[in-house]
Amino acid sequence: MNPFDWRSRLGEKIRNIPDFPEPGIQFKDITPLVKDPTALRLAIHHLIHPFVNLSVTAVAGMEARGFIFGSLAAWELGVSFVPLRKPGKLPYDVQSVSYALEYGESTLEAHVDAVSLGDRVLLVDDLLATGGTAQASCELLETLGAQIVGLAFVIELEALKGRERLAGQNIHSLLPL
Ligand code: AMP
């Protein structure tokens, strides 16, 4: 392998688990990536690279794997981290957004003071599938007054066309699978 081929280096650290959590799903397990400190640094470097000169003021991450990559991205950019959480977890006043999943519905919440009017937010998650979670997260942050500067994902499942659902957004993914 070419040592400068960072995509191959990162791709080797994504473990595919067939039929998890249910039959038919190919689960992309990022734990080998976060176990390897060099690969993790490489991932964070490339995740934030397109956004370093875009005056980002906060990074938002979706529970739970978005917290890992999002908080490291916020640390590297020197900006705030905003956790977007599953319902009932945040202790203060919250703004909620509900969205459709393949089966059923889900909700994300943020504290009402998580962002301020004019905040320029980079949204980070481990994986873009249908784009429903990312779309709901954008809506939640925009309701609170923030502007979405971009969205960054470690993995993108291109066949699920999440990008189309997020048309007009600046989307960056490291590993199109
Ligand atoms: P979606 O809303 O369909 O774009 O789904 C994205 C969210 O679901 C992300 O937070 C992912 O962590 C998770 N997710 C969806 N599909 C997978 C998959 N095949 N492997 C791992 N995580 C997934």
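Note that the structure is predicted; figures quoted are calculated from it, not measured.

Calculation notes
Along every chain, residues carry numbers that run from 1 in the direction the sequence is written. Note on the predicted model: pLDDT of at least 70 is required for a residue's local features to be given, and 80 or more for side-chain atom pairs to be given and counted; whole-chain, interface and lining totals, by contrast, use all residues. Water and hydrogen atoms play no part in the side-chain values, which are based on all heavy atoms of the structure. Put simply, DSSP H or I for four residues or longer makes a helix, DSSP E for two residues or longer makes a strand, and each gets a number counted from the N terminus. Think of it in three bands: residues with accessible area under 20% of the maximum for their type are buried, residues over 50% are exposed, and the middle band is partly exposed, with areas taken using a 1.4 Å probe on protein chains only. Contacts between residues were defined by any pair of non-hydrogen atoms, one from each residue, lying within 4.5 Å. Calculation of accessible area relied on Shrake-Rupley with a 1.4 Å probe; when residues are assessed, cover is drawn exclusively from the protein chains displayed. His residues and chain termini do not enter the charge count, which takes Lys and Arg as positive and Asp and Glu as negative. Where a charge lies is defined by one atom per residue type: Lys uses NZ, Arg uses CZ, Asp uses CG and Glu uses CD. Two strands are counted as paired when DSSP detects at least two bridges linking them. Axes here refer to lines fitted to C-alpha atoms; in helices the fit is confined to the stretch in contact. Angles between the N-to-C directions go from 0 to 180 degrees. By definition here, a salt bridge exists when the distance from a side-chain nitrogen of Lys or Arg to a carboxyl oxygen of Asp or Glu is within 4 Å. Throughout, near means a residue has at least one heavy atom within 4 Å of the molecule or strand. Residues belong to one nonpolar core when they are buried, are Ala, Val, Leu, Ile, Met, Phe, Trp, Tyr or Cys, and are joined through side-chain atoms within 4.5 Å. Take the number of residues in a helix, subtract one, and multiply by 1.5 Å to get its expected span.

## Describing the overall build of the chain
Within the chain one finds six helices and nine strands. Projecting the C-alpha coordinates of the chain onto the three principal axes gives extents of approximately 50 × 40 × 30 Å. Relative to its full complement of 177 residues, the chain shows a buried share of 44%. For the chain, the share of sequence-separated contacts (at least 6 apart) that also reach a separation of at least 24 residues comes to 56%. Summing over all exposed atoms, the chain offers an accessible surface of approximately 9300 Å²; the carbon and sulfur share of this is 52%. Separation between the mean location of the 15 positive side-chain charges and that of the 21 negative ones in the chain comes to 7 Å.

## Describing the sheet that holds strand β4 (residues 80–84)
Pairing is parallel across the open sheet formed by five strands, whose spatial order is β4-β3-β7-β8-β9. A single partner strand is all that each edge strand has here, and the edge strands are β4 and β9 (171–176). Recorded for the sheet is a direction-independent mean angle of 20 degrees between the axes of neighbouring strands. Pairing between strand β3 (residues 58–62) and β4: five bridges, direction parallel. Bridging from a neighbouring strand, M62 pairs with L84 of β4.

## Observations regarding the pattern of salt bridges
Enumeration over the complete set of coordinates arrives at seven salt bridges. Between D29 and R15 there is a salt bridge, with its nearest N and O atoms 2.8 Å apart. Taken together, the positions of D29 in strand β2 (residues 26–29) and R15 in strand β1 (residues 15–18) put the pair 14 residues apart, joining distant regions of the chain. The class for D29 is buried, based on a relative accessible area of 11%. Accessibility expressed as a relative area gives 43% for R15, which makes it partly exposed. R85 is the salt-bridge partner of E63, the closest N and O atoms lying 3.2 Å from each other. With E63 in the loop between β3 and α4 (65–77) and R85 in the loop between β4 and β5 (94–100), this residue pair connects regions lying 22 residues apart in the sequence. What you see here is one network of salt bridges that share partners, running through R9, K13 and D36.

## Regarding the environment of K35
Within the fold, K35 resides in helix α2 (residues 31–35). When its relative accessible area of 74% is taken as the criterion, K35 is described as exposed. In this structure, the C-alpha to C-alpha distance between K35 and L117, residues 82 residues apart in sequence, is 37 Å.

## Things to note about the site of the ligand
Near the ligand, the surroundings consist of 13 residues, among which R65, D125, D126, T130 and T133 are the closest. For the shell around the ligand, the secondary structure elements donating two or more residues are β2, β7 (120–128) and α5 (132–143).

## Some points on the nonpolar core
Among the nonpolar cores identified, the biggest contains 27 residues, and L10, L33, L47, F69, V124 and I155 are the most heavily contacted of them. Of all the secondary structure elements, the ones that give two or more residues to this core are α1 (6–11), α3 (37–48), α4, β7, β8 (147–156) and β9. Counting residues per element, this core draws most heavily on α3, at six residues. Discounting residues that sit within four places of it in the chain, F69 has contacts with I30, L33, V34, L40, I44, L47, V124, D126 and V154. Counting 25 residues, the second largest nonpolar core, distinct from the first, contains V82, Y99, A146 and F153.

## Quick word on α5
Since the α-helix turns once every 3.6 residues, residues separated by three or four places project in the same direction. With 12 residues, α5 extends 16 Å between its outermost C-alpha atoms, agreeing within 8% with the 16 Å of an ideal straight helix rising 1.5 Å per residue. If you check which residues of α5 are buried, you get G132, A134, A136, S137, C138, L140 and L141. With its phi angle positive at about 105 degrees, G145 sits one or two positions after the end of α5.

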